[in-house]
Amino acid sequence: MKNIDSYTHTRGESIYLDDISLLQGTLFAACFDSPIAHGKLISIDTGEAEKSKGVVKVLTYKDITGANQIGGIIPDEPLFADHHVHFCGMPIALVLAETDEAARSAVKKIKVEIEPLPVITDPRVAAAQNELIIPPRTFKMGDSAAAFANCDHVFEGSCENNGQEHLYIETQGAYAIPQENGVIRVYSSTQGPTAVQRAVSKVTGLPMHNIEIDVTRLGGGFGGKEDQANTWAALCALATHITKRPVKYSLSRMEDMRMTGKRHPYSSDFKIGLNKNLKIVAFETTTYQNAGAAADLSPAVMERTLFHCTNTYFIPNVKATAYSCRTHLPPNTAFRGFGGPQGMFIIESAIAKAADALGVDACTIQQKNLLNTGDELPYGQKVVSEAHECWAKASELYDLAAIQNKLKDFNATNPLYKKGIAVMPICFGISFTNTLMNQARALVHVYTDGSVIVSTGAVEMGQGVNTKMLQVVAQTFSINPARIKVNSTNTYRIANTSPTAASATADLNGKATLIACTAILERIKTVAAAELNAAVEDISIKDEFVFVKENKTELDWNKLVFTTYNKRVSLSEHGHYSTPGIFFDKTTEKGHPFAYHVYGTSITEVTVDCIRGTYEIDAVKLVHDFGSSMNPTIDKGQIEGGLVQGIGWMTMEEIVYDSNGKLRSNALSTYKVPDIYSAPKEISIDFLQTQKDNLAIFRSKAVGEPPLMYGIGAFFALRNAIKNFNAAATPAFDAPMTPEKVLMNLYGQNNQEEDPAVAVLKQGQSLT
Ligand code: MTE
Ligand code: LUZ
Ligand code: MOS
């Protein structure tokens, strides 16, 4: 089944927020945002801007009709700065004008007086000053302190990971339109229509039933629009509420990069203990999350870091503590993996440190400690593990031993280019860690011509969820997919939605769709049984025809649907699904939070140019646990995209804030994401297809986020390549591993005379 969007995408006919035809009288909004990261807001002068040509009004916090508050988990985030500014890019005023150009040029005429206050950008500095978003949390299993005393080997270290810009191709934006009786319809580029509805309701002071949110599709979200689409929708809706005119705001790329939060940087300490057989006996970590200036989703992200800080390994004694630290950066937010990748980077750094010191390959330690079915994770959940299966299949299929030998030969004969490899096994929990969010609804209507429309809470953002919803309907009814349409995501059709996130969208909304379709199917089968004088148990529908036992009848889908309508039996259903069996007790930090886990193993091969520090990712070969994929083409696309996004985070994407909290990497000229040349030359994906029962839709496991974590392998492969050039190098666990860092690490540990490159040059080798 092809992605149902590919036709209109290819022809440029898909409708994104900026493609919506504008109504007459539409106003254009533009934000004036804080130029200072922390300070006391003394005055705002909008006089010149208001006199500017085409300007209708300028809004500040004083104009808010409801509450000046958009915090989701914690109410700590004003929509407009009132008495203080907390980060560069914080909205202070909104200009409304007849044209986009008029709005943006008037923004430049706004003047503010801000008394600067001290700026914190480092999470450890924030923690030292007790600037915490929530109290720290600790996950514990066994007794790590006692276990370390009996370990043969104990190593300590620290690691750092940087943030990541989402760089969805479609920037943030919203378009609000007044309806009759005070209703406001908002088109929003959001992953969370209900979150937007709540924020608009709170800021305008209107009840939620006055607010209709509609989402056709996003040009990417990647977590950046799970919470942070609220701001722009709230601004536009407030402006519509006040002016009674349609209001549109579509951010420019630089506005988006400057004003929105990103993946969380973390700074972490670790301690790892192994016995002489290289079994990991104990692990401790303390990690400091850079939350930015407000909570946003940081507490939930921090929680997932704790859930995934032992990755796919069984470690009997664990103590992991996390701090969510308030700094003066834009509030950081969800990003594919949601804190999980940051947690996994810590344990992988600890294993690499142990491997360096013990003179073994990290993969020897990794393999020995993989989870077995029945093993317990530090949060109390016992796993059904595919870790060994994925590892074994990857190592056999791609011949890991041969790859290692080829690498040794290459490195022995190439003085100026060195290869490195790393194996990256992953384990990712599927479900929102906040149990209550694991619910979804679907509305299915069958029309009298036999065509079907389905609405769910799922938002299509390129991941192919609409195609999967359509497949659920087609398979359940056994009808031609061409009969089915998927509606836009709309809070008037589907209420109280969880955001499209946590990779769980197809599972949750697919199961709700399945429930709705099954209910309709049962009713029409009863009608068919009466028509055909047969028992309901003997009725089935295959390829649009009714069968009695194995015998095809003349009764087809069209006739059956029409008969059902004539008999005054409902052809509509609203299905509700909530994941069974999951729970989590935050007082003990134990439970069974995940419906299931997704596993996989990747092998990453890289080549470093040891004169320049530049590198290429030669290949990533992986075996991924799909369960039983319902759409291999879409799922493969998710793996390729997630992998390359993860490689970007770990290698070349470098966010730079200066000490004043100003974003320096604020455009695509200074922030580089992987292009076709920096993507792996070869990506091989093999399926671990299992028939085991699980809670995934049609047993097709969630695939959105887990593959991003294969990208962590690129960091360690580069690190190994550096060590293959300079055995004395001990590159810091400081991601991303940019070419500049590679270059410094290649030579960092040696003085000039002993420099391996100099030695090579003296031998008269050419610099090919
Ligand atoms: N794929 C595309 N093309 N665009 C996106 O924005 N977001 C990712 C992933 N894959 C994303 C994507 C993230 S962060 C998540 S949580 C999942 O898709 C969400 O969709 P799902 O739950 O349907 O997997
Ligand atoms: N969002 C969320 C998420 O609110 N809770 C989660 O557990 C989660 N996990 C991954 C991505 N987004
Ligand atoms: Mo994805 S980070 O759950 O939007």
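Whatever comes next refers back to the structure up there.
Small disclaimer: the values here were computed from a predicted structure and weren't measured.

## Considering the overall build of the protein
When helices and strands are counted, the protein shows 20 helices and 30 strands. Over its C-alpha trace the protein gives a radius of gyration of 28 Å, about what one expects of a compact globule, namely 27 Å for 768 residues. Dimensions of the protein, computed from C-alpha atoms along their principal axes, come out at roughly 90 × 80 × 55 Å. In the protein, which comprises 768 residues, the share counted as buried stands at 60%. For the protein, restricting intrachain contacts to residue pairs at least 6 apart in sequence, the fraction spanning at least 24 positions comes to 79%. Taken as a whole, the protein presents about 29000 Å² of accessible surface, with 52% of it coming from carbon and sulfur. Where the 71 positive side-chain charges of the protein centre and where its 81 negative ones centre are 2 Å apart.

## A closer look at the environment of S298
By the element assignment, S298 lies in helix α9 (residues 298–307). Accessibility expressed as a relative area gives 0% for S298, which makes it buried. For the pair formed by S298 and A199, sequence separation is 99 residues and the distance between their alpha carbons is 18 Å.

## So, the packing of helix α10 (residues 340–358) against helix α18 (residues 712–725)
Following both chains from N to C, one finds α10 and α18 inclined at 25 degrees, their axes separated by 10 Å at the closest point. Overall, the two elements α10 and α18 adopt an arrangement that is roughly parallel. In the packing of α10 onto α18, the handedness of the crossing is right-handed. Mapping the contact onto sequence places P341, M344, F345, E348, S349, A352 and D356 in α10 and I712, F715, F716, R719 and K723 in α18.

## Some remarks on the site of ligand 1
Around ligand 1, a shell composed of 17 residues is seen, among which G221, F222, M461, T505 and Q638 lie nearest. One nitrogen or oxygen atom from the main chain of M461 is found 2.8 Å from a nitrogen atom belonging to ligand 1. Contacts to ligand 1 include T505, whose side-chain N or O atom sits 2.5 Å from an oxygen atom. In the complex, 91% of the free accessible area of ligand 1, which totals 520 Å², lies under the protein chains.

## What to know about the side chain of N438
Tracing the sequence through the fold places N438 in the loop between β16 (417–430) and β17 (439–446). When residues no more than four places from it in sequence are discounted, the contact partners of N438 are S431, F432, L508, Y577, S578, T579 and I582.

## Side note on the side chain of Q197
Assignment of secondary structure puts Q197 in helix α6 (residues 193–204). Owing to a relative accessible area of 6%, Q197 belongs among the buried residues under this scheme. A polar contact is formed between the side chain of Q197 and the backbone oxygen of I211, at a distance of 3.2 Å. When sequence neighbours within four positions are dropped, the list of residues in contact with Q197 reads M208, I211, I213 and T491.

## What to know about the nonpolar core
One finds I272, F283, F345 and I712 to be the most contacted residues of the largest nonpolar core, which totals 109 residues. Looking at which domains feed residues into this core, each of domain 2 (266–432 + 589–747) and domain 3 (439–578) supplies at least three. With residues near it in sequence (within four places) discarded, F345 still touches C159, E160, N161, M650, I712, F715, F716, F733 and A735. F80, V200, V203 and L251 belong to the second-largest nonpolar core, a separate cluster that totals 37 residues.

Rules of the game
- Residues numbered from 1 in each chain as written.
- Chains lettered and ligands numbered in written order.
- Predicted model: local features only at pLDDT ≥ 70, side-chain atom pairs only at ≥ 80, totals over all residues.
- Heavy atoms only, no water.
- Helix = DSSP H or I, 4+ residues; strand = E, 2+ residues; numbered from the N terminus.
- Rg over C-alpha atoms; globule rule 2.2 N^0.38 Å.
- Buried < 20%, exposed > 50% of the residue type's maximum accessible area, 1.4 Å probe, protein only.
- Contact = heavy atoms within 4.5 Å.
- Areas by Shrake-Rupley, 256 points an atom, 1.4 Å probe, with all protein chains shown as cover.
- Lys, Arg positive; Asp, Glu negative; His and termini not counted.
- Charge placed at Lys NZ, Arg CZ, Asp CG, Glu CD.
- Axes fitted to C-alpha atoms, helices over the stretch in contact; angles between N-to-C directions.
- Parallel < 35°, antiparallel > 145°, perpendicular 65-115°, else oblique.
- Left-handed = near helix turned anticlockwise from the far one by under 90°.
- Near = heavy atom within 4 Å.
- Polar contact = N/O pair within 3.5 Å; in protein donor to acceptor, adjacent residues only side chain to side chain.
- Core = buried A, V, L, I, M, F, W, Y, C linked by side-chain atoms within 4.5 Å.
- Domains from an automatic or database assignment.

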